[in-house]
Every structure is written in structure tokens, then in C-alpha cells.
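What follows is the residue order along each chain.
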Amino acid sequence: MNGENLSERDKKYLWHPLTQHQTAVARIGIVKAEGALFWDERGNSYIDGIASWYTAMYGHGNKHITKAISEQMSQLDFVMFSGFTHEPAVKLSEKLMAILPSNQAKIFFNDNGSTAVEAAIKMALQYHHNRNDIRDTLIAFEDGFHGDTFGAMSASGLSSYNGPFEDFLLKVKRIPVPQKENMEEVMAQLETILANEKCAAFVFEPLVQGAAGMKFHSAEGLDRLIEKCQEHDVLCIADEVMTGFGKTGKNFASDNLHNKPDILCLSKALTAGMFPLSITSCTQKVFDAFLSDEVAKGFFHAHTYSAHPLGCAAALAGLQLLNSSEILERRNYIASAHKTFVAKVENHPNVRNARSIGVILAIDLNLETERYGNLRDRLYNFFMARGVLLRPLGNAIYVLPPYVITNDQLQRIYEVIYELLDSL
Ligand SMILES: *Cc1c(COP(=O)(O)O)cnc(C)c1O
């Protein structure tokens, strides 16, 4: 065993996510990460162009955050959150309330993005149930992604993930994302659904659909959909697991909207890539529907590691950085560098569409591809061979770097993308 490297030892017992092990190449053993870089066991370094699934926004191993976690660990490692509370959870709720959309009033803790959405959907279903108004249908966007547990998967519209489970999912009606051109048609579809189904909730990724390939839609359009749903007391669930904490330029993508969601889901950058934790926040109106002398009207949903003090400590330290002058300067720099790069590549013959919002940059290639076809692997390998981690989605290449990425590292990512465009 000692003579073998991580990649070899990995093959013996491990089953990886999103992997067809019969055809997949060996996993790369990673031994160290710092800032926007990580290193493999052979000593190669890579620029983390996607902040490890958009989590490590303040950089890998950020000292401010690791110190906060370590201090918390020596004070109080963990205690269950049913019957008990603790300073990191209370303080995090206070700090988040100061920046969440102003209608949010209560915070429920979970431990990952899927379970944040799962809790949101159960909250919405029980909200109506507690009011003796049985509603059995969810509304969601085509091509949305909300996680891999059953409720979250039901709301997700990416069929390549859901195939074997389709017969076991919750009832969902799907609408296209609103753009300027199709707005009236999407509104008409929504109205038909509202008239014919007993709709409990509308689940959506606000403004940017991440897993779909960083697809953008119209804020004005989404505002109209939310307004229409809320007229019918259909609870609007903003899944900000990807968009939260500054990705779109504002603290939350919902800050770009006039109509605020009833429920909001956060994870990923919440804990800066240091700890699994998530949050489902809601309005006072939602919370109040669970108040009753009947015990069973409460929300009987829990995860063992809910509100883990170490995760809360990481989140608090991250929040101190989010709008610090140093990080704000980087966020603005990345946003404007992205705009410059979009202008440079948008007319390239191999580019169908290039776009950016905040620190998110996406480029659709002018090529057809199967989602899991080998183009994706070719692109991925092209970037990795040049020391850059990017994970193309379908024919979309996206960049969502840690805020702390250096100017040179960011330029290197653009350079490698440009080299790819010229080589196709
Ligand atoms: C990643 C993601 C999820 C799922 O989060 P996990 O922590 O992977 O379960 C849900 N919604 C969105 C928008 C995501 O990007």
C-alpha cells in the first residue's frame, strides 16, 4: 500500500459522485490547497477557477476562517440543536438577518444544499397542510437544479440526473425561464398551471441556473412570476445555494428583485468551503403557520448536525470578509475583468454566447454536445493539462473564481480559455 499513490489506492474501495466508474479515468490525488491554488500528489499546481463548486470564495485555507473554526472547536465542538442553542448559531442568525432580504424572519439550519431545499419544500407543503388547504403540486423551471435528495430532485429539471427516479418524484409542473422574448408566454403557462393545479410552492434558482450551464434569465420576468404566485399564496422558494454571498454582485441574487421570496436556501459559500452547513430562512408568515397548541403542527424535521457550531463559526468569519474593503475590491475587479473578457470573445467564431454577472462568467461554445459526451472530458483535460480547474457543463465553460484570486491567476484562466477557443 505504501508504494502506491492516492489515485491507485482510491480505486480499491471508493465510489465517487457523478462518476461512471467503468469508463472514468483515475481520480487526481490532491494534497494541499491555499488561496486560489491546489496541488496534486505529483507536485502539479492548479488554479481553482470554480472555487471548488463555488464554495471557497475567500480562498482555500483562509487564515481568518480557519482560526475562527479552531477557536470554536476548543470552546464547544458540538451539541445537538434540539433543546439546546449556542452562541455561534444565535450570532449567525443575527448577522444573517441584517443582510438577508428584509422580509426574512426565521432561520432553520440544515447540513447541505439539498437538505436546505428539502426542508424548504416540506415547509411549504406543511404550511398549507396546517391551514387545512391541501396543495400537492410544485412549480419549477425547466433545467433547474436543486440537489439530489427526493424533494430537491423532484424540483430539478435536468433529466440526465433524474432518469431512474422519475416515477417516484413529487408532482411538479415546469415552466421555461423568463426572457424578454417569451415573457408573456411564460406568464400564460403559469396562469394555466395556477388555475388547474393545487400549487404549494414555486422553486427557482434566482437569475442564474448553475448546473444548467450558468444560464441567465430576466429579473423583471422572475419578479412577475413571483408576484403572480404570491397572489395565489403559492410560497416562493429562492434556491440561492449557488448565487448566495456575492456571486451576482449583490449579497444575494434576490436583492436584484422587487418581490422577495417567502423562503430562501443557502449553503456552499455560506461556510467558505470549510464545513457542510446550510440554511433555510423564511418569513414570519410561514413560521406563524406552524404555531399551534397541537404539537404535530410544528416542523418535525431535523438533521443530526443541524447548526453545527464549527460551521456557524466558519459562516460568521466568512460574513466578516464578504463586504470587507479588501474583498469588495476583488469582487469589483473580477466583475469588470469578466466584462472585458466577454467583450473580447463574444464575436469569436467558436462562441455562441458569452455573458457575465458579478463574478460569474459563462461562454457557450458554438458546438453541439451531449451533456456527458466526450467533449466535456476533452475540455476538462485541456484546462487541467494547463494547470487550471474549470468544469464545463454541456457546451458551457464557466469561471466562478475565489474572490481572492490574483490578477495574474485570473488572466491565466482567460488565456487558457482563449487558447481553447482558437484550437477548436
Ligand atoms: C449545489 C446546489 C444544490 C445542492 O447542494 P448540495 O450541498 O450539493 O446538496 C442545490 N441547489 C443549487 C442551486 C446548487 O447549486
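Please read all numbers here as calculations on a predicted model, not as lab measurements. (Residues numbered from 1 in each chain as written. Predicted model: local features only at pLDDT ≥ 70, side-chain atom pairs only at ≥ 80, totals over all residues. Heavy atoms only, no water.)

S.K.: Give me the lowdown on the domain arrangement of the chain, citing residues and values where you can.
M.R.: According to the domain assignment, the chain contains domain 1 (6–61 + 325–423) and domain 2 (64–322). Measuring from the centre of the C-alpha atoms in domain 1 to the corresponding centre in domain 2 gives 26 Å. Taken together, the contact between domain 1 and domain 2 spans 26 residues of the former and 29 residues of the latter. Here domain 1 meets domain 2 over a buried area of about 2300 Å², counting both sides, of which 64% is carbon and sulfur. Where domain 1 meets domain 2, there are zero salt bridges. Joining domain 1 to domain 2, the criterion identifies nine residue pairs in polar contact (both at pLDDT 80 or more). Elements with a minimum of two residues in the side of domain 1 that touches domain 2: helix 2 (51–54), helix 12 (325–345), strand 13 (351–357), strand 14 (360–365) and strand 16 (396–399). For the side of domain 1 that touches domain 2, the per-class residue count stands at 17 nonpolar, five polar and four charged. (Domains from an automatic or database assignment. Contact = heavy atoms within 4.5 Å. Buried area = accessible area lost by both parts, 1.4 Å probe. Salt bridge = Lys/Arg side-chain N within 4 Å of Asp/Glu carboxyl O. Polar contact = N/O pair within 3.5 Å; in protein donor to acceptor, adjacent residues only side chain to side chain. Helix = DSSP H or I, 4+ residues; strand = E, 2+ residues; numbered from the N terminus. Nonpolar A, V, L, I, M, F, W, Y, C, P; charged D, E, K, R; others polar.)

S.K.: Help me get a handle on the layout of surface pockets, residues and values and all.
M.R.: Reported here for the second largest pocket is a volume of approximately 350 Å³. Among the elements of the structure, strand 4 (104–110), strand 12 (278–283) and helix 10 (284–288) are those that each provide at least two residues to the lining of the second largest pocket. Sort the elements by how many residues they give to the lining of the second largest pocket and strand 4 lands first, with four residues. The class makeup of the residues in the lining of the second largest pocket is 11 nonpolar, two polar and one charged. (1 Å grid on protein atoms, 1.4 Å probe; cavity = no way out; pocket = protein on both sides within 12 Å on 5 of 7 lines; lining within 4 Å. Points joined across faces, edges and corners; volume = space filled by probe spheres on them.)

S.K.: An account of the site of the ligand is needed here, citing residue identities and associated values.
M.R.: Surrounding the ligand, one finds Tyr54, Asn112, Gly113, Ser114, Phe145, His146, Gly147, Glu205, Asp239, Val241, Met242 and Lys268. One nitrogen or oxygen atom from the side chain of Ser114 is found 2.5 Å from an oxygen atom belonging to the ligand. Asp239 is positioned with one of its side-chain polar atoms (N or O) 2.7 Å from a nitrogen atom of the ligand. If the ligand stood free it would expose 380 Å²; the protein chains cover 82% of that surface. Classifying every residue of the shell around the ligand gives four nonpolar, five polar and three charged. (Near = heavy atom within 4 Å. Areas by Shrake-Rupley, 256 points an atom, 1.4 Å probe, with all protein chains shown as cover.)

S.K.: Describe unusual backbone geometry, with residues and values.
M.R.: Here Ala51, not a glycine, exhibits a phi torsion of approximately 50°, which is positive. Checked against the element boundaries, Ala51 lands in helix 2. Residue class for Ala51 comes out buried when judged on its relative accessible area of 0%. Here the phi dihedral of Leu207 falls at roughly 70°; this positive angle occurs in a residue that is not glycine. (Buried < 20%, exposed > 50% of the residue type's maximum accessible area, 1.4 Å probe, protein only.)

S.K.: Can you explain the sheet that holds strand 15 (residues 388–389)? Please cite residues and give values.
M.R.: An order of 1-2-3-15 is seen for the four strands of this open sheet, with the pairing classed as mixed. At either margin of the open sheet sits one strand with a lone partner, and together these are strand 1 (30–34) and strand 15. Sheet topology places strand 2 (residues 37–40) next to strand 3 (residues 45–48); three bridges connect them, and they run antiparallel. For Trp39, the partnering residue across the bridge sits in strand 3 and is Ser45. (Pairing = 2+ DSSP bridges.)

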